[in-house]
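Here is what each chain is made of, one letter per residue.
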Amino acid sequence: MTSRTHDTSDQESIGLSADAVWLRRLRRSIISWYSRHGRDLPWRDERDAYRVWIREIMLQQTTVTAVIPYLQRFMQRFPTLIELAHADEAEVLHAWEGLGYYSRARNLHRTARLLLSEHDGEFPRDAEGLQSLPGIGRYTAGAIASFAFGARAPIVEANTLRLYTRLLGYRHSPKTSRGQTMLWEFASRILPTQAPGQFNQALMDLGAVVCTAENPSCTSGCPLTSQCRAFATGEQHLIPLQATRPAIESTIEAAVVVRDGDRFLIHQRPQGVRWAGLWDFPRYTQGSDRVPDESLSPREINRLWNDAERSFSDEWNLKITFNRKVTEIVHHVTRYRIRLVCFLADVTDHQRRSTVAPVESREHAWVRATHFEEYAMPVSGRKLAKLIASEMYSPSEERASQRKKRSASKKAGRDLTRS
DNA sequence: TACTCGTGGCT
DNA sequence: TAGCCAAGAGT
C-alpha cells in the first residue's frame, strides 16, 4: 500500500496502526512532545473522580476558556458528590446558567443521586460501569476511567478524531458506524499500558495545539509529521471529512413582559422542551410562513403583537393589552436564528380582579426585577431580564424609553408605538 | 442514522 | 458576516 492509494480501507488503516514498531515510535514522539509542549491546564494531573467527572461533562462541546470560570464556581458551590446530590435541581441549573446543553446539568444531578443511593457514593472504576450512568457516554467514560483510575481506556473526541483521521489518512466520514469502529479501534491500539491517562491527555493536547481544525502546524511543531499520511499527501485540510450541517432557519418569537406594579411574570419551562427547567418570560413562536432576517415591517410587528396578545390571554387566562414593543433580541439556538420581539403589558386593577389565576400545572412567579438573578434563565431570557432591570428602574426610565423609541422609529422609518 | 440540544469565539 | 468550531450524549 502506498500513500497514493485513494481508497484506503479501514483494514489497511488498522493494519498499519497494528505495526508494533510504528506504534512504539508514535507513542514515543507523543510522550516526548507532551512533556515539553503539553497545555498547562488548571486541572492537569487531577485524579479525583468527582472533579474529573464534573470537568469532563462541562467540557463536552464547550471550549476550555468558557469552562474555567464555571468550573471554579461549581466546585465552590458543590465541592463534593454529597453536596451535589443533596442540592435541588434548580440550584444545579442555576450554576449551569449560560453554559448551554442543560441536560448535562440535569444528568449530572441525576447521576450524583444515583451514585449516592445505589453505589455507596463511589464511581465505577471501569469505562463500562461509568458509561451506564446518565450523561456519561463512551468518551467521558474513557476519560474518567483513564484520568481518575489509571485504566487503559481509549478516548475519541474532537481533538483525537482529527489527529487519528489525519495520521491514518482516513478519507471517509468519521461519523459513520464504520468510521467510529475504526477510530475506537485505533484509539485502543495506540494507547500504552503505562500511564494511559497521561497519554490520553497528550493525544488531546496534540490535537488541540498542533493538529488544529484550521491551519494545523504540520511543519512547525508537529512531532508526527513524518508518520502522518494526510501530511504526506497534502490532505491535512481535507481530513477529517466534514459532515454537512443542517441549514440555519430564521424564526420570529414574541416575548411577553407582563408587569404588575413592580413585579414581572416569569414561568418555569416544562420537561421535554428546550431549556427545560429554566425560567423564562412567556414566549410565542409565530408561524414560520415568512421569516425574514431583516427587521420586521410595521405590518408584521402588528400581526405579531396581536397574535402574542391572543396567545398569552388564552394560555394564562389573563386578558392583557401590550403597552409597547420594548426591544428585539436576535439569538441563535441549535439551528435556529431567532428574532425575539419583546412586548410590555401592564396588568390593570380591573384585569387583576377578573382573571389572574394562571394555568395550575405551570410553575410561575411574580418577581421583582431586582430578584431576576435568583432564577436560572436561558441567555436570551437573561438578556431581557437585565434590560428590564436596568431600564425599568432607572430614574430616567421614561426619558430613556422615549429616546430609544424615537431613535428606533427614526432608524427604521416607522412608528412602533401603535397609538 | 440523523437530529437535537446552547453558547461564545473566531475568521 | 455567516458559518465553523468546541474534551458528546441521548433518542
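Thresholds applied
Residues numbered from 1 in each chain as written. Chains lettered and ligands numbered in written order. Predicted model: local features only at pLDDT ≥ 70, side-chain atom pairs only at ≥ 80, totals over all residues. Heavy atoms only, no water. Near = heavy atom within 4 Å. Polar contact = N/O pair within 3.5 Å; in protein donor to acceptor, adjacent residues only side chain to side chain. Helix = DSSP H or I, 4+ residues; strand = E, 2+ residues; numbered from the N terminus. Nonpolar A, V, L, I, M, F, W, Y, C, P; charged D, E, K, R; others polar. Phe/Tyr/Trp six-rings, centres within 6.5 Å; stacked < 30°, edge-to-face > 60°. Buried < 20%, exposed > 50% of the residue type's maximum accessible area, 1.4 Å probe, protein only.

As a structural note, the neighbourhood of DNA strand C is formed by 23 residues, with Trp 43, Glu 56, Gly 135, Thr 140 and Arg 162 the closest of them. The sugar-phosphate portion of DNA strand C accounts for 63% of its atoms within 4 Å of the protein, the bases making up the rest. In this structure, Glu 157 approaches DNA strand C through a side-chain N or O atom, which is 2.9 Å from a sugar or linking oxygen. The separation between a phosphate oxygen of DNA strand C and a polar side-chain atom of Asn 159 is 2.7 Å. Contributions of two or more residues to the surface near DNA strand C are made by helix H3 (49-59), helix H9 (138-149), helix H10 (158-168) and helix H12 (196-209). Partitioned by chemical class, the residues of the surface near DNA strand C number nine nonpolar, eight polar and six charged.

Around DNA strand B, the structure places 15 residues, and the nearest of them are Tyr 101, Tyr 102, Arg 274, Arg 335 and Val 379. Backbone atoms, meaning sugar and phosphate, form 62% of the atoms of DNA strand B found within 4 Å of the protein. A distance of 2.7 Å is found between a base oxygen of DNA strand B and a side-chain nitrogen or oxygen belonging to Tyr 101. Contacts to DNA strand B include Trp 275, whose backbone N or O atom sits 3.2 Å from a phosphate oxygen. Split into classes, the residues belonging to the surface near DNA strand B amount to six nonpolar, seven polar and two charged.

Inspection of the secondary structure assignment puts Met 182 in helix H11 (residues 177-190). Along the chain, Met 182 and Tyr 164 lie 18 residues apart, while their C-alpha atoms are 9.6 Å from each other.

Let us now look at the packing of aromatic side chains. Per the stated rule, a full pass over the model turns up 12 aromatic pairs. With a centroid separation of 5.2 Å and 75° between ring planes, the pair formed by Tyr 164 and Phe 186 is classed as edge-to-face. Of the two residues, Tyr 164 sits in helix H10 while Phe 186 sits in helix H11, which places them 22 residues apart along the sequence. When its relative accessible area of 1% is taken as the criterion, Tyr 164 is described as buried. Ring plane angle 10° and centroid distance 4.9 Å describe the contact between Phe 322 and Phe 343, whose orientation is recorded as stacked. With Phe 322 in strand E5 (residues 322-333) and Phe 343 in strand E6 (residues 336-346), this pair connects stretches of sequence that are 21 residues apart. Like Phe 322, the residue Phe 343 is buried in the burial classification.

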